[in-house]
Amino acid sequence: MTRTLRLAQDREADELLTREPLALLFGMLLDQQVPMERAFAGPKLLADRIGGLDVHRVAEMDPDEFAAACAGPPAIHRFPGAMAKRLQTLSRYLVDRYDGRVEALWTDGDPDGPEVLRRLKDLPGFGEQKARIFLALLGKQRDVRPPGWREAAGPYGEEGSRRSVADVVDERTLQEVRAFKKQMKAAGKA
């Protein structure tokens, strides 16, 4: 890991994302229907409320207790109840499939880029696009670069692109990504 992430645009939240793969994966899951910064700040809020992020603990917590931790205030997401269920489902999957080791998604068996993408797409709450974006984020900002990762990530893996969270390294690139998304949304309406 070569750089501190700047996805939450908050020093403490970004430090957690940088050092804890589970926090980064949770942030990616939360990154829908809310601003990116709020999604990626969510893991830090949750960690503060439940005494850290441990995949086994999250998987085993009472669902109502976990939902209350997600609800805050402030809530970790616009839809805290639904996201609490998704985070626990994801955690249970990671415990059952990878013994709770998030990094096993990209390390076990020395997988190539297409295999890492397949594993990411298998995660509860991760579809094709979210999996490709996360793979690009791993490659561009976490130095996780198995053979074929750029191709597997599709346009999100392109060098110098400003398409997604994978490309956000500071305030300027955040604004460039937002401008690109706005442009794509306008083109879709045309």
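Quick look at the structure, then. (Residues numbered from 1 in each chain as written. Predicted model: local features only at pLDDT ≥ 70, side-chain atom pairs only at ≥ 80, totals over all residues. Heavy atoms only, no water.)

### A few points about the side chain of His77
- Its place among the elements puts His77 in the loop between α5 (63-71) and α6 (80-98).
- In this structure, His77 is in contact with Leu30, Gln32, Val34, Arg38 and Met83, ignoring residues within four places of it in sequence. (Helix = DSSP H or I, 4+ residues; strand = E, 2+ residues; numbered from the N terminus. Contact = heavy atoms within 4.5 Å.)

### Here's the deal with the pattern of salt bridges
- In the structure shown here, the tally under the stated rule is 17 salt bridges.
- In this structure, Arg118 engages Glu115 in a salt bridge whose closest nitrogen and oxygen atoms are separated by 2.6 Å. Of this pair, Arg118 and Glu115 both sit in helix α8 (residues 113-122), 3 residues apart, which is roughly one turn of that helix.
- Judged by relative accessible area, which is 37%, Arg118 ranks as partly exposed.
- Here Arg145 makes a salt bridge to Asp143, at a shortest N to O gap of 3.1 Å.
- Residue class for Arg145 comes out partly exposed when judged on its relative accessible area of 46%.
- Three or more residues joined by partner-sharing salt bridges are found here, namely Arg11, Glu12, Glu15, Lys44 and Asp48. (Salt bridge = Lys/Arg side-chain N within 4 Å of Asp/Glu carboxyl O. Buried < 20%, exposed > 50% of the residue type's maximum accessible area, 1.4 Å probe, protein only.)

### Brief notes about the side chain of Ser164
- Residue position: Ser164 is located in the loop between α10 (149-153) and α11 (171-189).
- A relative accessible area of 2% means that Ser164 is categorised as buried.

### A few points about the environment of Pro63
- One can find Pro63 in helix α5.
- Taking relative accessible area as the criterion, Pro63 reaches 45% and is therefore assigned partly exposed.
- If sequence neighbours within four positions are ignored, Pro63 has contacts with Gln88 and Arg92.

### Considerations on α5
- Of all the positions in α5, only Phe66, Ala69 and Cys70 are classed as buried. Seen from one end, α5 has its buried residues packed into an arc of 100°, which puts them on one side.
- At its buried positions, α5 is contacted by α3 (36-50), α4 (55-60) and α6.
- Backbone nitrogen of Asp64 and a side-chain oxygen of the N-cap are separated by 3.0 Å at the start of α5; the cap is Asp62. (Arc of directions from axis to C-beta. Polar contact = N/O pair within 3.5 Å; in protein donor to acceptor, adjacent residues only side chain to side chain.)

### Section: the nonpolar core
- With 62 residues, the main nonpolar core has Phe40, Leu94 and Phe134 as its most contacted residues.
- It is helix α2 (residues 21-30) that provides the largest number of residues to this core, a total of 8 residues.
- Not counting residues within four places of it along the chain, the set of residues in contact with Leu94 comprises Leu22, Leu25, Val55, Asp99, Gly100, Val102, Leu105 and Leu123. (Core = buried A, V, L, I, M, F, W, Y, C linked by side-chain atoms within 4.5 Å.)

### Quick notes on unusual backbone geometry
- The omega angle of the peptide bond from Gly72 to Pro73 is 20°, so this bond is cis rather than trans.
- Its place among the elements puts Pro73 in the loop between α5 and α6.
- Although it is not a glycine, Gln9 sits at a positive phi angle of roughly 60°.
- If you trace the backbone, Gln9 turns up in the segment before α1 (11-19).
- Overall, Gln9 belongs to the partly exposed group, its relative accessible area being 33%.

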